[in-house]
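Spelled out from the first residue to the last, the chains are:
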Amino acid sequence: MIFVPGGTFAMGSDKHYPEEAPVHRVTVDGFWIDSTPVTNAEFRKFVDATGYVTFAEIAPKAEDYPGALPHMLKAGSLVFQPPSGHVDLRQWAQWWEFRFGANWRKPYGRGSWIKGLDDHPVVHVAYRDAEAYAAWAGKELPTEAEWEFAARGGLENSEFAWGDDFTPGGRHMANTWQGNFPHENLKLDRYERTSPVRAFPPNGYDLYDMIGNVWEWTSDWYAPKHPADAAKACCIPENPRGARREASFDPCQPQIRIPRKVLKGGSHLCAPNYCRRYRPAARHPEPIDTSTSHVGFRCVVRQT
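All values reported here derive from a predicted model rather than from experimental measurement. (Residues numbered from 1 in each chain as written. Predicted model: local features only at pLDDT ≥ 70, side-chain atom pairs only at ≥ 80, totals over all residues. Heavy atoms only, no water.)

Undergrad: How do you make sense of the pairing of strand S7 (residues 215–221) when you look at a structure like this?
TA: The side chains of a regular strand alternate, first on one face of the sheet and then on the other. For S7, the buried fraction is high: six of the seven residues fall into the buried class. Pairing of S7 with strand S10 (residues 295–296), which is carried by two bridges, proceeds in the parallel orientation. Within S10, the position partnered with Trp215 by the bridge is Val295. Across three bridges, S7 lies against strand S8 (residues 260–264) in antiparallel orientation. When the sheet's bridge partners are listed, Glu216 is paired in S8 with Lys264. (Buried < 20%, exposed > 50% of the residue type's maximum accessible area, 1.4 Å probe, protein only. Helix = DSSP H or I, 4+ residues; strand = E, 2+ residues; numbered from the N terminus. Pairing = 2+ DSSP bridges.)

Have a look at this one:
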């Protein structure tokens, strides 16, 4: 783990997506954070030691998902599947498939395996899976403020975790998407899906993969925007813990009462033509019962 000294910083952004605004100052205490996302090898140690079964390995119960088609009530997870050509970018189901048998051991479904991927981030972990690992390891999941402060690496006003140039000197600094998402992946950074957690340079705090590769869970409930800046310097929030659980439900689906947590960091599927969320300020809501092939996590230990 790496120690990140506390401080006050400008959280969020007013230049990109509305959920990142407004920029507001917050203070976080110093904390220790994993230098990389939790890897397949690390997660395997946890499962071997505890016998833990992840959410994606358990068949959903009909009573928990009213209206679900009976044949869909099987264990599985969401897997990215690129379409053969141009699609409507408003229809995410064109490239996401709920694949039976997909889980952390079988990231692309039945017949796949993680052999040779020990140093890749574990994926197909729902929120409770990440929490369970953290508890076993004697750690916790970071808050959104802690995560963003760490991701900035001391560069408070920079666009990216390494500066203002996305590819300085033509060098790719993170595992993101090059090409026309979701059907054209040019792989200019050499990776089609996940990459080893130390494949790209660390940020100013010596932390790897804070941007790209996989989205990462935080402990904060999601809200569609940040709170406004404090009116006085004396009132800057200290160690904020996000929104209320009730505020995290998706207003576009009022019939579905599944709370959502904040994801940070973007992933290998973030592309200029679709998802410019490969920045510290970027954020995204994720239902706590959902796992995918591009979401992982890392842990923190707070000073006592």
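Undergrad: Help me understand the pairing of strand S3 (residues 24–28) in this model?
TA: In terms of burial, S3 is a largely internal element, four of the five residues being buried. Pairing of strand S2 (residues 7–11) with S3, which is carried by five bridges, proceeds in the antiparallel orientation. What sits directly across from Phe9, in S3, is Val26.

Undergrad: Help me out: how do you make sense of the sheet that holds S8 in this one?
TA: Within a sheet, neighbouring strands are paired by backbone hydrogen bonds and run either parallel or antiparallel to one another. In space, the four strands of this open sheet follow the order S9-S8-S7-S10, with mixed pairing throughout. In the strand order of this sheet, the two ends are held by strand S9 (283–287) and S10, each with one partner. Relative to S7, helix H3 (residues 144–152) is tilted by about 140 degrees, and along the sheet it contacts S7, S8 and S9. (Contact = heavy atoms within 4.5 Å. Axes fitted to C-alpha atoms, helices over the stretch in contact; angles between N-to-C directions.)

Undergrad: Looking at this structure, I do not really get unusual backbone geometry. What am I missing?
TA: Across residues other than glycine, the phi torsion is negative in most instances, and most of the peptide bonds are trans. Going from Ala21 to Pro22, the amide bond is cis rather than trans, its omega being -5 degrees. Considering the arrangement of structural elements, one finds Pro22 in the loop between S2 and S3.

Undergrad: Can you walk me through the sheet that holds strand S4 (residues 31–33) in this structure?
TA: If you trace the three strands from one edge of the open sheet to the other, you get S1-S4-S11, paired in antiparallel fashion. Of all the strands in the sheet, just strand S1 (2–4) and strand S11 (300–302) have a single pairing partner and so form its edges. On average, adjacent strands in this sheet sit at an angle of 25 degrees to one another, irrespective of strand direction. Taken together, the three bridges between S1 and S4 define a ladder with antiparallel strand orientation. Each residue of the ladder has a partner; that of Phe3, found in S4, is Trp32. Packing against the sheet, H3 makes contact with S1, S4 and S11, and its axis sits at approximately 70 degrees to S4.

Undergrad: Please clarify how the packing of aromatic side chains should be interpreted in this entry.
TA: Summed over all chains, the structure comprises 26 aromatic pairs. On the basis of an interplanar angle of 70 degrees and a centroid distance of 5.5 Å, the ring pair of Tyr133 and Phe297 is categorised as edge-to-face. Remark: Phe297 occurs in the loop between S10 and S11 and Tyr133 occurs in helix H2 (residues 127–136); sequence separation between them is 164 residues. Side by side, Tyr133 and Phe297 carry an identical accessibility label, which is buried. With 6.2 Å between their ring centres and 40 degrees between their planes, Trp162 and Phe166 make a pair best called tilted. With a relative accessible area of 22%, Phe166 lands in the partly exposed category. The rings of Phe43, Phe46, Tyr52, Trp104, Tyr133, Trp136 and Phe297 are connected pair by pair, giving a single aromatic cluster. Across from the ring centre of Tyr17, 3.7 Å away, lies the NZ or CZ of Arg277, which sits over that ring. (Phe/Tyr/Trp six-rings, centres within 6.5 Å; stacked < 30°, edge-to-face > 60°. Lys NZ or Arg CZ within 6 Å of the ring centre and 35° of its normal.)

This is a description of form; function is not addressed.
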